[in-house]
Amino acid sequence: MMKKLFYFLPLVFFFVLAAFLLKGLELDPSAMPSALIDKPVPSFQLDTLESDTVMTEKDLTSKVLLLNVWATWCVSCRIEHPYLLKMAETGVNIVGLNYKDNDEQARAWLAELGNPYLFNLRDNNGKLGLDLGVFGAPETFVIDKRGVIRFRHVGVIDDRIWTEILKPVVDQLTSER
Amino acid sequence: MIPELGHIALIVALCVSFILGLLPLLGVARNNRVWMLSGQSLSVLMFLMTTCSFACLSYAFLTDDFSVRYVADNSNTLLPIQYKFSAVWSAHEGSLLLWVWLLTAWTAAVAWFGRFLPLQMHARVLAVLGLIASGFFLFTLLTSNPFARNFPFPPAEGADLNPLLQDFGLVIHPPVLYLGYVGFSVAFAFAISALLGGRLDASWARWARPWTMAAWMFLTLGIALGSWWAYYELGWGGWWFWDPVENASFMPWLTGTALIHSLAVTEKRGVFKSWTVLLAIFTFSLSLLGTFLVRSGVLTSVHAFATDPERGYFILAFLGLVVGGSLSLFAIKAPELKSIVRFDWVSREVSLLLNNLVLVVVMTIVLLGTLYPLIADALQLGKISVGPPYFNFFFIPLMFLLLLILPVGSRLRWKSTRQRYLANLFKKPLFIALILTPAVSFVATGLWLWQALLATFLFNWVVIHTVDDWFFQTRTASSFLARFRKPGLSYYSMFFGHLGIAVCALGIAYTALLSQEKDVRMEAGKHQTLGGYEFVFEKLEQVQGPNYFADRATVTIYQNGEPLAELKPEKRRYFSGRGQMMTEAGIRAGLFLDLYVAMGEPLDDSRQVWAMRLYLKPFVRCVWLGALIMALGACMSLLDKRYRFREVAEG
């Protein structure tokens, strides 16, 4: 009897898979809360893709910023990229966190697709990403003028996400003292 | 008028497929010979109707009939004629029609070449294929009709084909890939018919083998073509990205590879019967899952077609019916299958089971990595990509293991192998492989890298065993020439299959380890060196193609002061509404080294100074050469006379 049940395993496995696929059809990328909300950006010392100047968490203060986690191995980032360029054109301040990536490839990416970032932190071994609790890429953190994380968005930013979710947050933070 | 004709032909084909899915099965149940035989003519009729429909859509493209919405969205009067034709399958609706057309072509082929099979079996197989086809016809007609019109105001000009797809690679890549995907439906139909019939002897495996081999051959070629196309057309110098759509084609390839090996065991030894049936179901299910992933938009991908949840629900329901139904049938019927044959632990049976195990584990890992973003999303962990680090971490060690056990599997004897025979078999090749490895590795790479040594050892290990086994098998031949004719074509099929995977693996390892790239600022007269090659930017000119403007650079490459090659990379800007930019890389291809130049962005307003990327890609050609050799192997097995059935063997 047990042996007969064994033959049902593939079927059970398939139903679990199908349940996820069904759920997948109903889902939409959505913002998610983070334990880091309203905490300052974790301290770091990283140089940038653009130069050898070392940046720290202090360099993320004084204006409202988006900290965008990206990598050349991330297919979704390629989809997100053109929209970031548009946002940068309208004056949004975006800082890149180049996560677990190859520097050469990352520079080539920016040269080819354009650079929407003020500068790009080189997080080659993923240390800052780990401190930020990054799952993967892309992810975007909204950071206020005092360098405190105020909002986190996991996934691709597109027109809808920006106008409906992120822009209101950025506008509100900009109007703060 | 012609598009309506195509639409009607498709509807007729749908009706025929319904009848094909029911009548032969009823015939088997009632033992009605005429009903069973009807499957053959119905299959041919279904194929003719779908051909007619496909021809009508092609006609609409060739005549620029922009009143058809699909044509208006994907073509343009300026498009060169060959791309007008390939534009037929450039987007969702048309590629679905191509898919179903190829399915009916396989069905018609099974109807013709299988006419010597036992009638009941043949009727069941055709009926199963008919049922699958009716699902795809319904999908096309209900959610993705390619013949929908743009009335009352058809546009005067079409939107143009995505420039990425205006390329020879796209003309052949999808049809070949789909031939592979769809071809596994035949193996699936044989497995289901065998389950339905209940009497699962080894004969079904024998009938299914050539079909599976053919599907596998096309899938191998299709994946290789896709990879080659991505390499020269995307301008990123990469040839595999672990993109969800690539994975969707790779997963059936992995289980398909397991299946062709497992079918051999089942045919020759009558064991692993239920496992082989399960693999056949898996392989086709993964082809369907691939369709679901690509068409439903649940995953983001560079390949994603226009997404539409309605389509997603339809495919998921279809997937549930086909896979759920066949796995239920398996759960009920498979326990009745018993293998009476015994075998030892040290036998070819066990080593082939090991091969199957590794392949299925690799498939599971790829599946998990592909679906992880979806699962994470469903569990509210957010939308993310899983990158190559994950895939490479698991894939490389497992492939290592697979290549290590490959010669073991091919050289052990069925049933049981004596220890002493075993030691003799492995001592010499191991010795030669160990001696040759450092030399080959150093000559090929010019460096001492432990990864390169490891990859070279695996290559030597597989190749030496394959060649040594040939000498062993042919030792009794009377003369040297007679040796070549001694083993049958099936043996050579294995021979080339194994050589192919060794060449492919070596190419992957070397190109990953040795590739060099450099981003540079170039203007006329400037030169750069990379890996001993001097790249001189000669000039920049503006040229006009049939439907684009391009900035074309001329780069001459010198080696030791001697001119070696002249490359002309381009940055194209297409005229049509989308105004898309395209990078056309300049490549000098060689078996051992590719020199690759791609243009980035202009760095000044007069478009004279450019960011450019230079690549050295050693051994990248071996990746595709290996795939070609594998496909050649599969082709030889198809030509083997053992699989031509001429006698009528009624069961």
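Because the structure is a prediction, the values reported are computed rather than measured.

All right, on to the pattern of salt bridges then. Once the charged atoms of two side chains with opposite charge are near each other, the side chains can pair. Residues and elements named next belong to chain B. As enumerated under the stated definition, the model contains 26 salt bridges over all chains in all. The shortest N-O distance in the salt bridge between Lys 428 and Asp 468 comes to 3.7 Å. Placement of the pair is Lys 428 in helix 14 (residues 419-445) and Asp 468 in helix 15 (residues 450-473), with a sequence separation of 40 residues. You can call Asp 468 buried: its relative accessible area is 18%.

Before going further, it helps to spend a moment on the confidence of the model for chain B. Residues and elements named next belong to chain B. Overall, the prediction assigns chain B a mean pLDDT of 87, with 93% of residues at 70 or greater. Contacts of residues 301-306 to residues separated by more than four positions or lying in other chains number 20 contacts, the stretch itself having pLDDT below 50. Segment residues 647-651 is flagged for pLDDT under 50; beyond a separation of four residues in sequence, or across chains, it makes seven contacts in the model. Model confidence for the complex: the whole-complex pTM is 0.81, and ipTM, which rates the interface, is 0.75.

Our next topic: the domain arrangement of chain B. Residues and elements named next belong to chain B. Examined at the domain level, chain B breaks down into domain 1 (1-161) and domain 2 (516-621). Distance from the C-alpha centre of domain 1 to the C-alpha centre of domain 2: 43 Å. Opposite the eight residues of domain 1 that make contact, domain 2 presents six residues. Summed over both partners, the interface of domain 1 with domain 2 comes to about 500 Å²; 47% of that surface belongs to carbon and sulfur atoms. The largest per-residue losses of area from domain 1 upon contact with domain 2 belong to Leu 78, Ala 159 and Asp 160, which jointly make up 68% of the total buried on that side. Seen at the junction of domain 1 and domain 2, the total is zero residue pairs in polar contact (both at pLDDT 80 or more). The residue inventory of the side of domain 1 that touches domain 2, partitioned by class, reads five nonpolar, one polar and two charged.

What counts and what doesn't
Residues numbered from 1 in each chain as written. Chains lettered and ligands numbered in written order. Predicted model: local features only at pLDDT ≥ 70, side-chain atom pairs only at ≥ 80, totals over all residues. Heavy atoms only, no water. Salt bridge = Lys/Arg side-chain N within 4 Å of Asp/Glu carboxyl O. Helix = DSSP H or I, 4+ residues; strand = E, 2+ residues; numbered from the N terminus. Buried < 20%, exposed > 50% of the residue type's maximum accessible area, 1.4 Å probe, protein only. pLDDT = per-residue confidence, 0-100. Contact = heavy atoms within 4.5 Å. Domains from an automatic or database assignment. Buried area = accessible area lost by both parts, 1.4 Å probe. Polar contact = N/O pair within 3.5 Å; in protein donor to acceptor, adjacent residues only side chain to side chain. Nonpolar A, V, L, I, M, F, W, Y, C, P; charged D, E, K, R; others polar.

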